[in-house]
Amino acid sequence: MAKHEELPVPIFSTLEPVYGDGSQLEEAQIRFDKLKHKFIEVFGHQPDVYARSPGRVNLIGEHIDYEGYSVLPMAIRQDTIVAIRKDDDRESPKVLRIANVNDNKYTMCTYPVDPDQDIDLKNHKWGHYFICGYKGYHEYARSKGISTSVPVGLDVLVDGTVPTGSGLSSSAAFVCSSTIAIMAAFGMNFPKKELAELTCECERHIGTQSGGMDQAISVMAKPGFAELIDFNPIRATDVQLPGGGSFVIAHSLAESQKAVTAATNYNNRVVECQLAAIVLGIKLGMKPEEAIAGVRTLSDVEGLCVSFAGSQGSSDPVLAVKEVLKEEPYTAEEIESIIEDNLTSILGHSPSSLDVLKAAKHFKLFQRACHVYSEAKRVYAFKDTVSSKLSEEDMLKKLGDLMNESHHSCSVLYECSCPELEELVNKCRHNGALGARLTGAGWGGCAVALVRENIVPQFILNLKEQFYQSRIDRGVINKNDLGLYIFASKPSSGAAIFRF
């Protein structure tokens, strides 16, 4: 029997396999009906096919996927649905028309059908995320020998319920659902594993050096399970979460604009980690030219760090970091003297990395490496705890402790928190959360809290009063929209195609 990640994206003719039953199914039916009618209203005909991909919450393992380490997310019920139709009319001009159900906020975007078009990163438009999928699909199809020689127009309508800038992967849900919709419109279906890798590459077209977790869980999630996502090669392992706890997701209301702030935030950390890995490699015995040529991530030099630690009776790579890297930030000149080369030449293959170099005044190699190695250990400690013989109470407490440690590391060592997230995490703990941490890229977005199942309603009520009410009073959010900003979630389904 084929492994889960080797199967193609499932195709359904009804909504029940993805949305279950009860109120969630009713909501989904209303959304799909509205989507169909809006499509007819905007484009004058029905869509051929629909694709959906969910958002995700990362339970533990932040900012380590792009360093080659495993992560532990789960899909949430909020998703992005893309309705699509090929325009084969020979008379009409060939264009990509991308509209949104929420057309007050997202006006229609029109693009040429050229799959080799460049995305204008200086002019950020919401439709760019669809073009990421469009370019990626064509690149992948060509690599597989699939003919894409005659471009056709596409009519596209998008409906997303994953809050943007929330740290719940609205961008990955959009890119994944777009890519899958394009694939389905052209009558193709690829294995989930290949799609996860493809869509990760797709998002890099918008200038974000994504690590692959968001796309992997969106494509490969299974209802009822979190997933341990491993990379190189990519694979998913089901993780059954303890029954007595629930994960509550709460938005800090500080919007995290990952693509817009990449040079100083997200991509900056990617570059700092790469430089930390190269410097560690050299300090632990590699020749500079060898390290520059062969080292991309901290996982590449973990073996050297562990060997060093072993000489001192330990197996913890953080020990090597503490011994050979200095705590004070490094200047570019200091790094260049260690690597015996200039940073522009070793990072020049990546325009987004060059943007980081232009913006950065110094590089915190020690702190970033300490976070990555310690966070990677916490992921496996989390998985081992879930499968241990501990009592449910002890298991929940241990998981909560790991989440708290993760947040401290993200906040202090990786510096990807913000004042609103710090306030929200503290309020979560004050109101009985066993553990709470920022989730997603950070710099805004959401916190995730592990809460005993029996106190979830009261916990949410307390947060509404203590965190959200003052924001409602100031007009930051509408009271009627509160359910979008704080909710409990169980692990939900992954990507799907619908043909009705």
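You'll find the structure just up there.
Residues numbered from 1 in each chain as written. Predicted model: local features only at pLDDT ≥ 70, side-chain atom pairs only at ≥ 80, totals over all residues. Heavy atoms only, no water.

A. Spotlight on the overall build of the chain. Within the chain, the secondary structure is distributed over 18 helices and 13 strands. Compactness check: the chain gives a C-alpha radius of gyration of 23 Å against a globular reference of 23 Å for 500 residues, within 12% of the reference. For the chain, the spread of C-alpha atoms along the principal axes amounts to about 70 × 55 × 55 Å. For the chain, the residues scored as buried account for 57% of the 500 residues in total. For the chain, restricting intrachain contacts to residue pairs at least 6 apart in sequence, the fraction spanning at least 24 positions comes to 73%. As displayed, the chain has an accessible area near 20,300 Å², and 49% of this comes from carbon and sulfur atoms. Looking at charge distribution, the chain has the averaged site of its 51 positive side-chain charges lying 2 Å from that of its 64 negative ones. (Helix = DSSP H or I, 4+ residues; strand = E, 2+ residues; numbered from the N terminus. Rg over C-alpha atoms; globule rule 2.2 N^0.38 Å. Buried < 20%, exposed > 50% of the residue type's maximum accessible area, 1.4 Å probe, protein only. Contact = heavy atoms within 4.5 Å. Areas by Shrake-Rupley, 256 points an atom, 1.4 Å probe, with all protein chains shown as cover. Lys, Arg positive; Asp, Glu negative; His and termini not counted. Charge placed at Lys NZ, Arg CZ, Asp CG, Glu CD.)

B. Layout of the nonpolar core. Counting residues in hydrophobic clusters, the biggest one holds 152 residues, and the most contacted among them are L59, F130, L280, L325 and F382. The element best represented in this core is helix α7 (residues 266–283), accounting for eleven residues. Among all residues touching F382, those that are not within four sequence positions of it are L59, I60, L72, L241, F247, L399, L402 and M403. Grouped together as the second largest cluster of nonpolar side chains are 16 residues, A28, F39, F43 and I81 included. (Core = buried A, V, L, I, M, F, W, Y, C linked by side-chain atoms within 4.5 Å.)

C. Summary view of the sheet that holds strand β12 (residues 486–489). Strand order across the open sheet formed by four strands is β10-β11-β9-β12, with antiparallel pairing between neighbours. Two strands lie at the open edges of the sheet, namely β10 (435–439) and β12, each paired on one side alone. Across this sheet, the average inter-strand angle for adjacent strands is 25°, counted without regard to direction. Of the strand pairs in this sheet, strand β9 (residues 245–251) and strand β11 (residues 446–452) are connected by seven bridges, and their pairing is antiparallel. When the sheet's bridge partners are listed, A250 is paired in β11 with A447. Along the sheet, helix α16 (residues 419–430) makes contact with β9, β10 and β11, crossing β10 at roughly 160°. Strands β9, β11 and β12 of the sheet are contacted by helix α17 (residues 456–473), whose axis makes an angle of about 20° with β9. (Pairing = 2+ DSSP bridges. Axes fitted to C-alpha atoms, helices over the stretch in contact; angles between N-to-C directions.)

D. Just α7, in detail. The first and last C-alpha atoms of α7 sit 26 Å apart over 18 residues, in line with the 26 Å expected at 1.5 Å per residue. Among the 18 residues in α7, 17 count as buried, and that is most of the element. Once α7 ends, the next one or two residues include G285, with phi positive near 115°. (Expected span 1.5 Å × (residues − 1).)

E. A look at the packing of helix α3 (residues 128–143) against helix α4 (residues 170–185). For the pair α3 and α4, interaxial distance at closest approach is 8 Å and the crossing angle is 45°. Put simply, α3 runs oblique to α4. The element α3 and its partner α4 pack so that their crossing is right-handed. The residues of α4 that touch α3, namely those facing Y129, F130, C132, G133, Y134 and Y137, are S171, F174, V175, S178, T179, I182 and M183. Looking at the contact of α3 with α4, its residues break down into nine nonpolar, four polar and no charged. (Parallel < 35°, antiparallel > 145°, perpendicular 65-115°, else oblique. Left-handed = near helix turned anticlockwise from the far one by under 90°. Nonpolar A, V, L, I, M, F, W, Y, C, P; charged D, E, K, R; others polar.)

F. Seen up close, the environment of K464. By secondary structure assignment, the location of K464 is in helix α17. Separated by 275 residues in the primary sequence, K464 and N189 place their C-alpha atoms 43 Å from one another. Not counting residues up to four positions away in its chain, the partners in contact with K464 are Q469, L482 and I486.

G. Region of interest: the environment of Q466. With respect to the helices, strands and loops of the structure, Q466 is situated in helix α17. On the basis of relative accessible area, Q466 is assigned to the partly exposed category, the value being 32%. When the C-alpha atoms of Q466 and L424 are compared, they prove to be 9.4 Å apart, with 42 residues separating the residues in sequence. For Q466, the contacting residues outside a window of four places in its chain are K427, H430 and N431. Among the polar contacts made by the side chain of Q466, one reaches the side chain of N431 at a distance of 2.9 Å. (Polar contact = N/O pair within 3.5 Å; in protein donor to acceptor, adjacent residues only side chain to side chain.)

H. The arrangement of the side chain of R31 in detail. Looking at the secondary structure, you find R31 in helix α2 (residues 22–43). By relative accessible area, which is 17% here, R31 ends up buried. A polar side-chain atom of R31 sits 2.7 Å from a polar atom in the side chain of D79.

I. Fine view of a negative patch on the surface. Together, E289, E290, E340 and D341 make up a region of like negative charge exposed at the surface. By the element assignment, E340 lies in the loop between α11 (332–339) and α12 (343–347). (Patch = residues over 30% accessible without salt bridge, like charges linked within 9 Å, V, L, I, M, F, W, Y side chains within 5 Å. Salt bridge = Lys/Arg side-chain N within 4 Å of Asp/Glu carboxyl O.)

J. Examining the environment of P8 more closely. Mapped onto the secondary structure, P8 falls in the segment before β1 (11–12). For the pair P8 and A173, spaced 165 residues apart in the sequence, the C-alpha separation amounts to 17 Å.

K. Looking closely at the pattern of salt bridges. All chains considered together, the criterion is met by 26 salt bridges. As a salt-bridge pair, K144 and E194 come within 3.5 Å of each other at their nearest N and O atoms. Note that K144 is positioned in the loop between α3 and β6 (153–160) and E194 in helix α5 (residues 192–203), a separation of 50 residues in sequence. We note a salt bridge from E272 to R368, for which the minimum N-O separation is 2.6 Å. On the criterion of sequence distance, the pair formed by E272 in helix α7 and R368 in helix α14 (residues 365–386) is long-range, its members being 96 residues apart. Overall, E272 belongs to the buried group, its relative accessible area being 2%. Judged by relative accessible area, R368 falls into the buried class, the value being 3%.

L. Here's a closer look at the packing of helix α15 (residues 392–412) against α16. As a packed pair, α15 and α16 sit with axes 12 Å apart at the nearest point and diverge in direction by 165°. Relative to α16, α15 is oriented roughly antiparallel. Our pair here, α15 against α16, has a crossing hand that is left-handed. Contacts from N404, H407 and S411 in α15 reach E422, V425 and R429 in α16. Here the contact of α15 with α16 is composed, by residue class, of one nonpolar, three polar and two charged.

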